[in-house]
2 protein chains.
Amino acid sequence: MEFQEAKNKFVQTWGALGSQWGINKTMAQIHALLMVSNEPVSMEDIMEELQISRGNASMNLRALMDWGIVYKEFKAGERREFFTAEKDLDELAVKISRERSKREIKPALKVLKEVSSIKADASAEEKHFVEQTGKLYDFVLKADNVLDKMTEYKDNWLAQILIKFMK
Amino acid sequence: MEFQEAKNKFVQTWGALGSQWGINKTMAQIHALLMVSNEPVSMEDIMEELQISRGNASMNLRALMDWGIVYKEFKAGERREFFTAEKDLDELAVKISRERSKREIKPALKVLKEVSSIKADASAEEKHFVEQTGKLYDFVLKADNVLDKMTEYKDNWLAQILIKFMK
DNA sequence: ATAAAGTTTCAATATTTTTTGAAAGTTTAA
DNA sequence: TTAAACTTTCAAAAAATATTGAAACTTTAT
C-alpha cells in the first residue's frame, strides 16, 4: 500500500469511528489528519486534503479546540494559523472522557436523580419505576466516578488497569 | 413530580443519551420504556406510549433484540408478543460493550494494523505516520482487551475497578 | 487610514438518517 | 383450509444533521 492510500484510509476510518461516538465525521477526519501529520497544518491544507469548504473547516476546528484536542500554532513570520492535534493518546483519552462526562453524563445524572426521587404510590408499577431509576442513578454515578478517577492516573491508566486485571 | 411526567422525562433523557452513543433515539426510548416497566409490554403499547408507527416499533425492537438487550416474551393464552428489557445493569453494560467492540472497534483495528504496516520511506512524514498509527493500534488494542476482560467479571466489574482504584 | 490576508458566521442547501404506512408475510384457531 | 390477528419489510416521505459559500469581521503591514 502506498503512503497516500494508507493515509487516506486511516482518515476515513477514524472519521467513521468518530461519527459513531458522537463526534461528527469531518471533525474526526480533521483530527485524524492532524494526528498523523508530523508538522502543523494550515486551514488551506486541511480544506484541500479533505475536500471541504472553508466554513466547514473553520467550524470543526473550533469544535476540536473546544474539546481541547487540537491546538492553534503560530509560525514565526507566517500570517496564517496552523493547527496540531494532541498526539499523546493517554492525554487524548482523558480529554475526551472529561468532555463527554461534562456534556452527557452529568446532565443525565441530574435527571435520573430527579425522576428517581418522586414519591411512589403503593402500585407495583410506580414502585418498580423508582427502584429501577434509582439503580440506574447509582450505576451511572459509579461509572462516571471511574472515569474521573482514571483521568487522575492520566499517563498510564490503561496500562495500570491491565496490570491489575489481566490474568 | 407526577409519575407520568417522571416516566416521560426519563424516556426522553435516556433516548437523547442513547443517540449520542451510537444507538438511535427511538431504540433507546423503547429500551428506556421497557426498563422501567414492571411487566412485559406489547408492541401496541409501545407505539401508543412513544407515538411511533408500527414499522418503526418493529424495526427498533428487532435491533434491540439483535443487541441482546431486549427479549420477547410469550404470555399464556395471549396471541400477541410482549417485550422485556434486560434490567440487570452489569449485564446490560457487558452486552453493549461486546456489541460495540464487535461492530466498531474490531474493524477499526484491522485498518489500523494495515495502515501501520506500510513500508515507510526515509521521509519524516512517512516515518511519523507509521509510528503514530502503530501507537494508535497498540492503544486501541489494549483498550479493547480491557473491555473483554471486564466482561468476564460481569456481575461486578464496576465495583471491582472502583475498589482497586479509589483512594 | 487602507488594503491585503486571513478567519468566522450563518442562512440556504445538500446529505444522511429516521420514520411512516401500506402491502406482503406469518401464525393460530376453528 | 381459511380468515383473523398479528408482525415484518421496504420504498417513499419527513426530519435531523452537516456542509457550503458569500458577506461580515479581524488583524497586520505599509
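Look above for the structure.
Basis of the calculations
Residues numbered from 1 in each chain as written. Chains lettered and ligands numbered in written order. Predicted model: local features only at pLDDT ≥ 70, side-chain atom pairs only at ≥ 80, totals over all residues. Helix = DSSP H or I, 4+ residues; strand = E, 2+ residues; numbered from the N terminus. Buried ≥ 20, exposed ≤ 12 C-beta atoms within 10 Å, placed from the backbone. Contact = placed C-beta atoms within 7 Å. Nonpolar A, V, L, I, M, F, W, Y, C, P; charged D, E, K, R; others polar. Near = placed C-beta within 6 Å. Least-squares fit on C-alpha atoms with pLDDT ≥ 70 in both.

Caption draft 1: Quick peek at the overall build of chain A. A count of helical and extended segments in chain A gives seven helices and three strands. Along the chain direction, N to C, the helices and strands of chain A fall in the order α-α-β-α-α-β-β-α-α-α. Expressed as lengths along the three principal axes of its C-alpha atoms, the size of chain A is roughly 70 × 45 × 35 Å. When the 167 residues of chain A are sorted by exposure, 25% land in the buried category. Intrachain contacts of chain A at a sequence separation of at least 6 include 48% that bridge at least 24 residues.

Caption draft 2: Region of interest: the interface of chain B and chain A. Every contact between the two is made by 43 residues of chain B and, on the other side, 43 residues of chain A. Listing elements by their share of the side of chain B that touches chain A, those giving two or more residues are helix 1 (3-20), helix 5 (89-116), helix 6 (124-153) and helix 7 (157-165) of chain B. Top contributing element to the side of chain B that touches chain A by residue count: helix 6 of chain B, with 15 residues. Here the side of chain B that touches chain A is built from residues that sort into 24 nonpolar, eight polar and eleven charged.

Caption draft 3: Expanded view of the protein's contact with DNA strand C. With respect to spatial proximity, 18 residues lie near DNA strand C, and among them Gly55(A), Thr26(B), Ser53(B), Gly55(B) and Asn56(B) are the closest. Examining the composition of the surface near DNA strand C, we find that five residues originate from one element, helix 4 (residues 54-66) of chain A, more than from any other. When the residues that make up the surface near DNA strand C are grouped by side-chain class, the tally is three nonpolar, seven polar and eight charged.

Caption draft 4: Up close: the relation of the copies chain B and chain A. For the pair chain B and chain A, the superposition axis carries a translation of 0.0 Å, the fit reaches an RMSD of 0.1 Å, and the rotation angle comes to 180 degrees. The transformation relating the two chain copies, once decomposed into turn and shift, fits a two-fold axis. No C-alpha of chain B lies nearer the rotation axis than that of Trp21(B), which sits 2.8 Å from it.

Caption draft 5: Representation of unusual backbone geometry. Residue and element names in this part refer to chain A. Located in the positive-phi region is Gln51, a residue other than glycine, with phi close to 55 degrees. Tracing the backbone shows Gln51 in the loop between helix 3 (43-50) and helix 4. Using a count of 6 C-beta atoms within 10 Å as the deciding quantity, one classes Gln51 as exposed.

Caption draft 6: Region of the structure containing the protein's contact with DNA strand D. The local shell around DNA strand D holds 18 residues, among which Asn24(A), Ser53(A), Gly55(A), Asn56(A) and Gly55(B) are the closest. Counting only elements with at least two residues in the surface near DNA strand D, the list comes to helix 2 (25-35) and helix 4 of chain A together with helix 4 (54-66) of chain B. At five residues, helix 4 of chain B tops the list of elements feeding residues into the surface near DNA strand D. Split into classes, the residues belonging to the surface near DNA strand D amount to three nonpolar, seven polar and eight charged.

By themselves, these are just geometric observations and shouldn't be taken as functional.
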